[in-house]
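# Descriptive analysis of the structure
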Amino acid sequence: MASAAVSAPGPLHASTHAAAGAKRGRRVLFQPTPEQLRQGVFEGAEVNAARDGITLAKGPGGSHRPAGSFLSQPIEVKGMPSLRLSWRERWTTPLAWEKHPRNPILGPPPPGNWDAGSLTTPSLLRAGDEFRLYYGSRPKGSKTAVGMAAAPLSDPHRWKKHPKPVLTAGAPGAFDENGVIGPEVVPVTDTHWRMYYVGYHPTAKQGRMPVHQIGLAESDDGGLTWRRVSNEAVVPHGPAGSYDAFSASSCSVLRVGKQWMMWYGGIAQVPYLASVCLATSEDGHAWKKFERNPVLSFNPYLEAEAFLAAAPHVLHEDGLFKMWYSAKGYGEGRKAGDYRICYAESRDGILWDRFPKNPVVGPSAAGWDSQMAEYPEVLHVDSEHHMWYCGDGYGSLGYAKGRPLARVRIQTRAGNTKTPDASWSGWSDPHPDPTGSEVTHGTAAFLQIRARLETEDRDFSPAVQDISLTTA
């Protein structure tokens, strides 16, 4: 099924700190190349050429040191009272997840309710003083539909369901006549919300599986009632032989500046071979598939992701794109169809680095998620990362709270001698914002930057990239 709403754009480019600084008329005082970084002082850390940044050094056994520091050479700042420090830190997002002891925290009700079949493909967001959940359900004997539930911020595992579905199968002849699932809800304003969802085609199939495509519905009352924008998909599946020839499936959508970005599961065939793909839009309605899709492919050489990398959930935090996604692979005595949750990071949303210790969430020893974990949704609320995910049979929802395994602290000190001595100030408190923190140095002529890296898991290291000191 073709659609004029989707075509291929030109290449996308991430802006650099230097370009951003030039736009604002800033003077760059410190923005070192890897070669210039090596002129600093390293204690248990090193310049990693592969990452073009600072990582923990490795010890004799090949494991990373638990902690290390980098000290820049003193930087002349005389006569520049207002300074701005920025950097990019990698692998410091919570990647250890503690599952709630009462999981699953929400599941399908007994027979007789509209969603008695299953509860799957969650989408979560904060709405005032509550968490809002939208989910897909596959009730036995009827078409898939989208439901809604809410929980207080103070108790993110105590949910109350809305009694009826909020979006049901499309009209006869529509692309989603066979059912809807996989909601992705994005507020545009306080009251105007959008739902990107997966629609099942009534006739187009591979084997017994209906083609999936992405549609759009909108709400003008803060997500309570919904209306379809069109009976046609806004992101259709691709032509035969393409990366999304069978389906364009579950997606994650962000508005980044003036651009809308959508990461979706591109399914090439049944049995599923799937990758994460990208589409962009200027208005959130007309979408263009990225010309170099997929942006994160399944990889037969990776045990956890040999067959499928899909159903992404993306956050944009501290100048970094962070993706949790469902993956299918082999090993650990599991079946090929069993999911795990993996993680990746990107500077621009296009080129992704997989976490070196994937998967980050797997099955429990026993119980409702003893075979698999999939469909992650992560929210960063009040300095904490919360994850909701599905387990065995896609039928129930579990909750986990995140904890970082690695940390980065960026500090500064200042003085009037070119070589730091006792007359210099002590080290500042850690600067709070990697995208731009104000640096106070009084009338001092010189400034020094220290990056402190720590890890609890010595199989991997955090990284510091793109350190930049500019006039504010």
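Quick look at the structure, then. The structure displayed is predicted, hence computed values, not measured ones. (Residues numbered from 1 in each chain as written. Predicted model: local features only at pLDDT ≥ 70, side-chain atom pairs only at ≥ 80, totals over all residues. Heavy atoms only, no water.)

### Quick word on the sheet that holds strand S16 (residues 227–228)
Taken in spatial order, the 4 strands line up as S13-S14-S15-S16 in an open sheet, and their pairing is antiparallel. At either margin of the open sheet sits one strand with a lone partner, and together these are strand S13 (180–187) and S16. (Pairing = 2+ DSSP bridges. Helix = DSSP H or I, 4+ residues; strand = E, 2+ residues; numbered from the N terminus.)

### What to know about the nonpolar core
Judged by nonpolar contacts, the single largest core of 26 residues is most densely connected at Ile54, Leu83, Leu85, Ile410, Val464, Ile467 and Leu469. Listed by contribution, the elements that provide at least two residues to this core are strand S1 (28–30), strand S3 (45–48), strand S4 (53–56), strand S7 (83–90), strand S28 (406–415), strand S30 (446–455) and strand S31 (463–471). The element that contributes the greatest number of residues to this core is S30, accounting for 4 residues. Residues in contact with Leu85, not counting those within four places in the same chain, are Ile410, Thr412, His431, Asp433, Gly436, Ser437, Val439, Ile449, Ile467, Ser468 and Leu469. (Core = buried A, V, L, I, M, F, W, Y, C linked by side-chain atoms within 4.5 Å. Buried < 20%, exposed > 50% of the residue type's maximum accessible area, 1.4 Å probe, protein only. Contact = heavy atoms within 4.5 Å.)

### A few points about the packing of aromatic side chains
Enumeration according to the criterion identifies 21 aromatic pairs in this entry. On the basis of an interplanar angle of 65° and a centroid distance of 5.2 Å, the ring pair of Phe131 and Trp388 is categorised as edge-to-face. Placement of the pair is Phe131 in strand S10 (residues 130–137) and Trp388 in strand S26 (residues 384–390), with a sequence separation of 257 residues. Each member of the pair Phe131 and Trp388 is classed as buried. Ring pairing ties together the aromatic residues Trp91, Trp97, Trp324, Tyr343, Phe355 and Phe460, which thus form one cluster. The positively charged end of Arg90 is found above the aromatic ring belonging to Trp91, 5.4 Å away from the centroid. Over the ring of Tyr394 we find Arg138; its NZ or CZ atom is 5.7 Å from the centre of that ring. (Phe/Tyr/Trp six-rings, centres within 6.5 Å; stacked < 30°, edge-to-face > 60°. Lys NZ or Arg CZ within 6 Å of the ring centre and 35° of its normal.)

### Side note on the pattern of salt bridges
The full count for this structure, using the stated rule, is 25 salt bridges. Between Lys99 and Asp369 there is a salt bridge whose closest N-O contact spans 3.0 Å. One end of the pair, Lys99, is in strand S8 (residues 96–99); the other, Asp369, is in the loop between strand S24 (352–354) and strand S25 (374–381), with 270 residues separating them in the sequence. Since its relative accessible area comes to 25%, Lys99 is described here as partly exposed. Residues Glu456 and Arg407 are paired through a salt bridge, measuring 3.2 Å at the closest nitrogen-oxygen approach. Of the two residues, Glu456 sits in the loop between S30 and S31 while Arg407 sits in strand S28, which places them 49 residues apart along the sequence. Residue Glu456 is classed as partly exposed on the basis of its relative accessible area, which comes to 45%. On the basis of relative accessible area, Arg407 is assigned to the partly exposed category, the value being 31%. One connected set of salt bridges, linked through shared partners, spans Arg403, Arg407, Arg409, Arg452, Glu454 and Glu456. (Salt bridge = Lys/Arg side-chain N within 4 Å of Asp/Glu carboxyl O.)

### Topic: unusual backbone geometry
Asn293 connects to Pro294 through a cis peptide bond whose omega is -5°. Here Pro294 shows up in the loop between strand S20 (287–289) and strand S21 (308–317). The linkage connecting Asn358 with the following residue, Pro359, adopts the cis geometry, with an omega of 0°. Tracing the chain through its elements places Pro359 in the loop between S24 and S25.

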